[in-house]
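For reference, the chains in residue letters:
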Amino acid sequence: MVVWEDATTPLFTGMGASELQRQEPLRRSAMLFVAMVGLVGIMFGYDMGITSAAQDALRAHFDLTSGQLELFVGSLSWCALPGTLLGSVVADSHGRRFGIRLSAFVFLVGNSAMAFGRSFFVVMLGRATAGFAMGLTYPIAPMYVAEVTPARLRGGCTAFLEVLSNVGILLGYLVGWICNSLLGLNSWRTMFALGLFPPSLLLCGACFVMPESPRWLASKGKLAEARDILSHVLGPLEAHRSFGELTRLAANESEARGGFMDLVVTPDLRRIVVVGAGVAFFSQATGCETIVYYTGPILQQAGFQRESMLRATVLMGTVKTAAVVASAAFVDRAGRRPLLFASALGMAVSMGTMSAAGLARVVPAVQVMALCLFVVAFSFGFGPIVYTYNAEIYPQRYRAVGLGLAMAICRVMSAVISTTFLTLSHWLTTSGALALYSGIGFIAALFVALAVWETRALELEGGSQHVPKPVPDDAYAACIGVRACPPGSFEPRGSSN
């Protein structure tokens, strides 16, 4: 077995805080642009929360079978897949801002069809359209945020997308609870209609407020425009340093977009693909979509009545949002790798607890506590970091296609999980399905420990230079504690800590 050098550094390390304290503060303009892009998270998170809350009403209104309900829930992710693959092409050919505009408009069309469709076919067509729009922004939104923020704050700013996504999920749960209480089974149209506000605001912001990504402008030879935007969103020192790096890239790199085949045939890039794709795979394969979409059936099996189930769902959404907020503040201090490792272990343990609690028929509160533990573990690690990490590890010319590939994997796994849980529960029982996700969580923790390297505080343009080289297995074994690792041994190349 071969492992990589940076994976031999301890999972939990300190940081040089004195250097960060000397850095310039994040400009208000950059905060505004990050907040505008964050509307992407709100509109998609709200849709996910509403989908969970509206399932009973949709089933009753259209007389849906379990298979049709699975199709409705999972179609969003299946239809996001072509959008994700196209999103990176749009981002490189027409710019990040154009891609965000296009996504907001298409989502408005799809969500309108879901809210006002008179037949299940029209509602499904709207769901598919909204899914395509979601896929468009999966690679573009984190890419845009990563390219308008400084390296030392990039993790927290990119994780802010996940914060607002969870705010959207919580809003969806709250609106669903209120609408179900007031309108009963006729509430689902109102729920989806309220989801038209975030994409409307995003479309206006992308048209009239947000600038284009300076890194995209530089890749197209528009260095003067890139310099103006950098001076607007970064402090003078960081803007000067970033512009110098962009100028060097513009002189050394072709404007041609790196292709997928380059990622496959180039050995160093292949390593990046394996790790980036692995993080994307495990972010969904551990069962997060099951918790978001099927909390109701899981809690009903645990003995909750409808009103108690809705309250527990809102509690879970609140905990999830609070965890993501804490993660956004912590990710640039602890680093990506330790949070991913702790996240995988936490998800594995919580899924195993839910499975065991279901088999033992313990008090329902144990299920709720395990659910909350899962969303905390996911929201502190794999949830936000899958975006950040894949935006950081690819060189500029391959970033769009690499991030698009990772997000496509996310969408495939999300679709597989969301369209198979009810069927798995029928075959294996709910406890058996949750035990399966628990096992995947432990495998995810092993993957992080063996393969993932740290990217905290690396400049985007230099991130690919920190791809670790292979080292012998005994070196890795020493550093994870099989035997003592001498201080200073096996330092990652380019590390300044």
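Structure: above.
Residues numbered from 1 in each chain as written. Predicted model: local features only at pLDDT ≥ 70, side-chain atom pairs only at ≥ 80, totals over all residues. Heavy atoms only, no water.

Engineer: Please give an account of the overall build of the protein chain that cites residues and values.
Structural biologist: Of regular secondary structure, the protein chain possesses 23 helices and two strands. Taking all 497 residues of the protein chain together, the buried fraction comes to 60%. Put simply, 85% of the contacts in the protein chain that link residues at least 6 apart link residues at least 24 apart. Carbon and sulfur atoms provide 68% of the accessible area of the protein chain, an area that totals close to 18,700 Å². (Helix = DSSP H or I, 4+ residues; strand = E, 2+ residues; numbered from the N terminus. Buried < 20%, exposed > 50% of the residue type's maximum accessible area, 1.4 Å probe, protein only. Contact = heavy atoms within 4.5 Å. Areas by Shrake-Rupley, 256 points an atom, 1.4 Å probe, with all protein chains shown as cover.)

Engineer: Break down the side chain of Thr84 for me, with residues and values.
Structural biologist: On the secondary structure map, Thr84 appears in helix 4 (residues 66-94). Setting aside residues no more than four positions away along its own chain, Thr84 makes contact with Gly135, Leu136, Tyr138, Pro139, Gly404, Met407, Ala408 and Arg411.

Engineer: Requested: an account of helix 19 (residues 364-380), with residues and values cited.
Structural biologist: Helix length check: helix 19, at 17 residues, gives a terminal C-alpha distance of 25 Å against a target of 24 Å (1.5 Å per residue), a fit within 8%. Among the residues of helix 19, Gln367, Val368, Ala370, Leu371, Cys372, Phe374, Val375, Ala377, Phe378 and Ser379 are the ones counted as buried. (Expected span 1.5 Å × (residues − 1).)

Engineer: Can you explain a nonpolar patch on the surface? Please cite residues and give values.
Structural biologist: On the surface, a nonpolar cluster with roughly 310 Å² of combined accessible area is contributed by Leu345, Val349, Leu373 and Phe442. Counting through the fold element by element, Phe442 comes out in helix 22 (residues 421-451). (Patch = residues over 30% accessible without salt bridge, like charges linked within 9 Å, V, L, I, M, F, W, Y side chains within 5 Å. Salt bridge = Lys/Arg side-chain N within 4 Å of Asp/Glu carboxyl O.)

Engineer: Summarise the pattern of salt bridges; cite the residues concerned and give the values.
Structural biologist: Taken as a whole and assessed by the stated rule, the structure comprises four salt bridges. The residue Asp47 makes a salt bridge to Arg127 at a minimum N-O spacing of 2.9 Å. One end of the pair, Asp47, is in helix 2 (residues 28-53); the other, Arg127, is in helix 6 (residues 120-147), with 80 residues separating them in the sequence. Here Glu392 and Arg336 are joined by a salt bridge, their closest N and O atoms 2.4 Å apart. Taken together, the residues span a long stretch of sequence, with Glu392 in helix 20 (residues 382-393) and Arg336 in helix 18 (residues 336-360) at a distance of 56 residues. When its relative accessible area of 3% is taken as the criterion, Glu392 is described as buried. One salt-bridge network, held together by shared partners, links Asp92, Arg96 and Glu147.

Engineer: Tell me about the packing of helix 2 against helix 6, and name the residues and values.
Structural biologist: One way to put it is that helix 2 packs onto helix 6 with a least axis distance of 10 Å and a crossing angle of 145 degrees. Crossing of helix 2 over helix 6 shows left-handed handedness. Where helix 2 approaches helix 6, its residues Phe33, Val34, Val37, Val40, Phe44, Asp47 and Thr51 are matched on the opposing element by Arg127, Ala130, Ala133, Met134, Thr137, Ala141, Tyr144 and Val145. Of the residues that constitute the contact of helix 2 with helix 6, the class distribution is 11 nonpolar, two polar and two charged. (Axes fitted to C-alpha atoms, helices over the stretch in contact; angles between N-to-C directions. Left-handed = near helix turned anticlockwise from the far one by under 90°. Nonpolar A, V, L, I, M, F, W, Y, C, P; charged D, E, K, R; others polar.)

Engineer: Explain the packing of aromatic side chains to me, using residue names and the numbers behind them.
Structural biologist: The full count for this structure, using the stated rule, is 10 aromatic pairs. Taking 6.3 Å as the distance between ring centres and 55 degrees as the angle between the ring planes, the aromatic pair formed by Tyr389 and Trp453 counts as tilted. One end of the pair, Tyr389, is in helix 20; the other, Trp453, is in the loop between helix 22 and strand 2 (470-471), with 64 residues separating them in the sequence. No difference in accessibility class separates Tyr389 from Trp453, as the two residues are buried. (Phe/Tyr/Trp six-rings, centres within 6.5 Å; stacked < 30°, edge-to-face > 60°.)

Engineer: So what about the packing of helix 6 against helix 21 (residues 396-418)? Which residues, and what values?
Structural biologist: Taken N-terminus to C-terminus, the directions of helix 6 and helix 21 make an angle of 135 degrees; their axes are 8 Å apart at the nearest point. With respect to each other, helix 6 and helix 21 are oriented oblique. Crossing geometry of helix 6 relative to helix 21 is assigned as right-handed. For the pair formed by helix 6 and helix 21, the contact residues are Tyr138, Pro139, Pro142, Met143 and Glu147 on the first element and Gln396, Arg399, Ala400, Leu403, Gly404, Met407 and Arg411 on the second. Of the residues that constitute the contact of helix 6 with helix 21, the class distribution is seven nonpolar, two polar and three charged. (Parallel < 35°, antiparallel > 145°, perpendicular 65-115°, else oblique.)

Engineer: Give a detailed account of unusual backbone geometry, specifying residues and quantitative values.
Structural biologist: Look at Asp63: it is not a glycine, yet its phi comes out positive at around 55 degrees. Using a relative accessible area of 65% as the deciding quantity, one classes Asp63 as exposed. Positive phi outside glycine occurs at Thr429, with the angle close to 75 degrees. Tracing the sequence through the fold places Thr429 in helix 22. The class of Thr429 is partly exposed, set by a relative accessible area of 43%.

Engineer: Give a description of helix 6 that names residues and reports values.
Structural biologist: With 28 residues, helix 6 should cover 40 Å at 1.5 Å per step; its first-to-last C-alpha distance of 41 Å lies within 8% of that length. The buried fraction of helix 6 is high, at 22 of 28 residues.

Engineer: So what about the nonpolar core? Which residues, and what values?
Structural biologist: Ranked by internal contacts, the top residues of the largest apolar core, which has 140 residues, are Phe192, Ile291, Phe374 and Phe382. Looking at which element gives the most residues to this core, the answer is helix 2, with 14 residues. Excluding residues within four positions of it along the chain, Phe374 makes contact with Thr286, Gly287, Cys288, Ile291, Met347, Ser350, Met351 and Met354. (Core = buried A, V, L, I, M, F, W, Y, C linked by side-chain atoms within 4.5 Å.)

Engineer: Please set out the environment of Leu161 residue by residue, giving values where relevant.
Structural biologist: Within the secondary structure, Leu161 is located in helix 7 (residues 151-183). Sequence-wise, Leu161 and Gly38 are 123 residues apart; in three dimensions their C-alpha atoms are separated by 5.1 Å. Leave out the neighbours within four places in its chain, and Leu161 touches Val37, Gly38, Gly41, Ala141, Pro142 and Val145.

Engineer: Can you lay out the side chain of Thr321 for me, pointing to particular residues and giving the numbers?
Structural biologist: One can find Thr321 in helix 17 (residues 306-334). At 3.1 Å, the side chain of Thr321 and the backbone oxygen of Asn166 are in polar contact. For Thr321, the residues in contact, after removing those within four places along its chain, are Asn166, Val167 and Leu170. (Polar contact = N/O pair within 3.5 Å; in protein donor to acceptor, adjacent residues only side chain to side chain.)

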